[in-house]
Amino acid sequence: MAKTYDYLFKLLLIGDSGVGKTSILFRFSEDAFNISFISTIGIDFKIRTIDLDGKKVKLQIWDTAGQERFRTITTAYYRGSMGIMLVYDVTNEKSFENIKNWIRNIEENASADVEKMILGNKCDLDSKRQVSKERGEQLAIEYQIKFVETSAKDSLNVEYAFYTLARDIKAKMEKKQEASNPPGGRSGAHQLKANEPQRKPTSWLSRCSVL
Amino acid sequence: MDDDLPTDFQVIVVGTGMVESIVAAACSRIGKNVLHLDLSDHYGGLWASYNFDGLQKFIKEVNSDPKRDLQVYNLCEKWYIEKESPEAKDGGDENKTDDSKAEPAKKTWSQSDFTAEYRKFNIDMTPKLLFSRGPLVELLISSNIARYAEFRCVTRVLTWLNNRLMPVPCSRADVFATEAVTTVEKRMLMKMLTSIVGYNEDEMNNEFKDWNDKTFQDYLKHKGLTPNLIHYVLFAIAGGNNNMPCLEGVKECKKFLMSLGRYGNTPFLWPMYGSGELPQCFCRLCAVFGGVYCLNRPIDKVGTKTVDEGKTVVTIESKAKTLNCDHLVIGINECPKELISPEPAESCDISKAVFITNGSIMASEKEPLSLLRFPPLADDDKAVTVLEVGPATGSCPKGLFVVYFIASKSKDAETDLKPYAERIFDMSGGDAESDKPKCLWSLFYNVKDTSAPVSSVVEGVHVCSGPDAGLDFDRAVEQAEQIFKKICPGEEFLPRAPDPEEIVFEDDVTHGPEFQRDHDDDEPKE
């Protein structure tokens, strides 16, 4: 089968429960917002392929499956992730304060060079706002991470956020490829598929996303 | 912060070991309301993988917690290298390895390098392999949980023969390529292996009915195999010893041979980042289907109470809260002893060791992933299984290898395993040149074998076994399915979870016009 994209990026959504991670995911992948989606049951990840500078970039965006609720995200969730959206709710001070804890969690578990971005979601709810945009910007400067306020409900900046993160990952990747040309250390690992003929060693699926 | 934990569930699972996690996933998958707890702050229990920092904490915890000591004991950690490397003083950060750069041939490692790169280690407490056509691989594929994990093929099977390491020819191509056996032996071996693969269960029982009280070794001798071939088949392929019963040997051989040719040169797969990832994959599926997760949650008491209509529920006291469920699935290490019946029979404990070395036990062009089956070196010894994994598996930084030793316990882990380690590593700790890789760090420990199935005196309480000494996960999968069938009779065990693209929402979803959507597989194909 011909490959329908040039790059595959695994992205994660991280942040406290109820900040709107699943809504952001649905806004971006389905261009939909519906309160009934809020329960994350059955949703692993969503896929959307975007076009960046003439390259087809397939984004595989993983939801936490509610495992953030009691801070019990599996270390396996972070494996192989290339970009992470750190999400807080501008109407919830605690979720903003917890961003620092999530960053620590990422540093502990994700690859050291994972791209990050901070999103202050629910910015449509201005009357209930507890966290000013300036404080969000300040935090982002402190950690040298990009930042944007979003509204999954009003479809504000969600596209922008994913495009920005994807572009940064792509740029980093292309820079790396120019600098040195070894295939990724992990190529050769593979996922198990039901319908693989798996006869000849040469036909194994490579896990490397740039081929 | 877990005060808002709901209190009523259909199924509560305590412990995140392999059996518990599979049961949790299976129950959640068919719609049961599941709470999954662990007493410690990480997943896996005795099945966990640790980074180097986490491992240090684990060692401290075991040494300071007498209760835990019952499961893991005789823990002995040792360094063979300096605290600081001499060049670190002026080199500063440059000593840190960079994944994108090729590592110089042999770096001089210091303890501080390990500390600095602690995150790059994933060290397993219960390292295990998967047979390519074994029950766990089939379950991962049929349930679609395979999408949470990645694997590497074991690249070679080695044995210790005539006082040196030898690759075991395990495919037809290997058999014919090897120079270690003569052409006549090759024919003999192929004939023997082909006939074993050909037997179905009945034929096997019939063919071997006169061999019930004899050893596999006797059978191989009877078949006229030469001593070299007997060594390959008995120790390396069947993973046996001199006393292995004949039928068991034949079955082990068949299992090995049946898993050949699916993914790589050998019948085995190793999970990326270690065996400890696998329970987490099942936990993820459980969570995706609504399972609630809470770690760091000690339980104080397990009891029962009768509610309306004489129905009995199991209750758990935890952090001043009472949690209720119809079924409690609990790891044997977490289960209050008075609930277990009968007391598990005294079994042979397990001796284990982990070594970190600066090179592979047998150099090869590409990074190897090796299974070494050591035959007993002395008459009353047990066979030792050795697994060597390198940086490509996410187990350690570049330039290092992690090597696991597993055997049934005779005396204690160090006494049992050190003589074997010394055959393949330079354990002198000196700078002297050696043709063997240098051992930089080692950990010996014994684990109580809690793998025998036990039942509970309380209805609705299901006890999960701990890790066994075996090479694969098959017993864990089998037990998990049995427990699931008791909890959910008549229900399908882990039916395939849909891919995200297959989930259609009934709500009116409008798609943005400007982007092309695709629905192909989420994996690159060539």
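In the annotation of an unreviewed UniProt entry, the entry for chain B reads Rab proteins geranylgeranyltransferase component A, and the organism field reads Manduca sexta. What UniProt states about chain B under its Sequence similarities (unreviewed entry) heading is, verbatim, "Belongs to the Rab GDI family." What UniProt records for chain B under Function (unreviewed entry) is the sentence "Substrate-binding subunit (component A) of the Rab geranylgeranyltransferase (GGTase) complex. Binds unprenylated Rab proteins and presents the substrate peptide to the catalytic component B. The component A is thought to be regenerated by transferring its prenylated Rab back to the donor membrane."

Looking at an unreviewed UniProt entry, chain A carries the name Ras-related protein Rab-8A, with the source organism given as Manduca sexta. Note on chain A: under the UniProt heading Sequence similarities (unreviewed entry), the record states "Belongs to the small GTPase superfamily. Rab family." Per UniProt, chain A has the following entry under Subcellular location (unreviewed entry): "Endomembrane system".

Let's shift gears to the sheet that holds strand β6 (residues 130–131) of chain B. Residue and element names in this part refer to chain B. The sheet built from three strands is open, its strands ordered β6-β10-β7 with antiparallel pairing. Edge positions in the open sheet fall to β6 and β7 (151–153), since each of these has one partner strand only. Pairing geometry for β6 and strand β10 (residues 268–271), over two bridges, is antiparallel. Each bridged residue has a counterpart across the sheet, and for L130 the counterpart in β10 is L269.

Once that is clear, we can look at unusual backbone geometry. Residues and elements named next belong to chain A. With a phi close to 55°, R71 is a non-glycine residue in the positive phi region. In this structure, K122 takes a positive phi of about 65° despite not being glycine. Overall, the relative accessible area of 23% leaves K122 in the partly exposed class.

So, about the nonpolar core. By size, the foremost hydrophobic cluster in this structure holds 78 residues, and its most contacted members are L86(A), F282(B) and L494(B). Ignoring any residue separated from it by four or fewer positions in sequence, one finds F282(B) in contact with M18(B), S21(B), I22(B), A25(B), L136(B), L139(B), L140(B), I145(B) and L494(B). One finds W109(B), L129(B), V250(B) and W441(B) within the second-largest nonpolar core, a separate group that totals 73 residues.

Okay, the side chain of S465(B) next. All names here are of chain B. Looking at the element boundaries, S465 is found in the loop between β22 (461–464) and α14 (474–487). Within polar-contact distance, the side chain of S465 engages the backbone oxygen of S451 at 3.2 Å. Here A452 takes part through its backbone oxygen, which lies 3.3 Å from a polar atom of the side chain of S465. Filtering out sequence-adjacent residues up to four positions away, S465 remains in contact with V19, I332, T450, S451, A452, P453 and Q479.

With that out of the way, let us pick up the state of the cysteines. All names here are of chain B. For the coordinates displayed, the defined rule picks out zero disulfides over all chains. The thiol sulfur of C294 is not disulfide-bonded, and the nearest other cysteine sulfur, from C283, lies at 13 Å. Look at C294 and you get buried, because its relative accessible area is 1%. Unpaired in this structure, C439 has its nearest cysteine sulfur neighbour in C76, at a distance of 11 Å.

Strands in a sheet are paired, the pairing made by backbone hydrogen bonds, and the direction either parallel or antiparallel. All names here are of chain A. The strand order across the open sheet formed by six strands is β2-β3-β1-β4-β5-β6, and the pairing between neighbours is mixed. Edge positions in the sheet fall to β2 (45–52) and β6 (146–149), since each of these pairs with one other strand and no more. Geometrically, the sheet is characterised by an average inter-axis angle of 25° between neighbouring strands, direction not taken into account. Two strands pair when backbone bridges link them, and strand β1 (residues 7–14) and strand β4 (residues 83–89) are joined in this way by four bridges, in the parallel orientation. Bridge pairing links L11 to G83 in β4. Lying over the sheet, helix α4 (residues 99–109) contacts β1, β4 and β5 (115–121), oriented at roughly 160° with respect to β4.

Calculation criteria
Residues numbered from 1 in each chain as written. Chains lettered and ligands numbered in written order. Predicted model: local features only at pLDDT ≥ 70, side-chain atom pairs only at ≥ 80, totals over all residues. Heavy atoms only, no water. UniProt positions renumbered as here; feature names shortened; annotations may be inferred. Pairing = 2+ DSSP bridges. Helix = DSSP H or I, 4+ residues; strand = E, 2+ residues; numbered from the N terminus. Buried < 20%, exposed > 50% of the residue type's maximum accessible area, 1.4 Å probe, protein only. Core = buried A, V, L, I, M, F, W, Y, C linked by side-chain atoms within 4.5 Å. Contact = heavy atoms within 4.5 Å. Polar contact = N/O pair within 3.5 Å; in protein donor to acceptor, adjacent residues only side chain to side chain. Disulfide = S-S within 2.5 Å. Axes fitted to C-alpha atoms, helices over the stretch in contact; angles between N-to-C directions.

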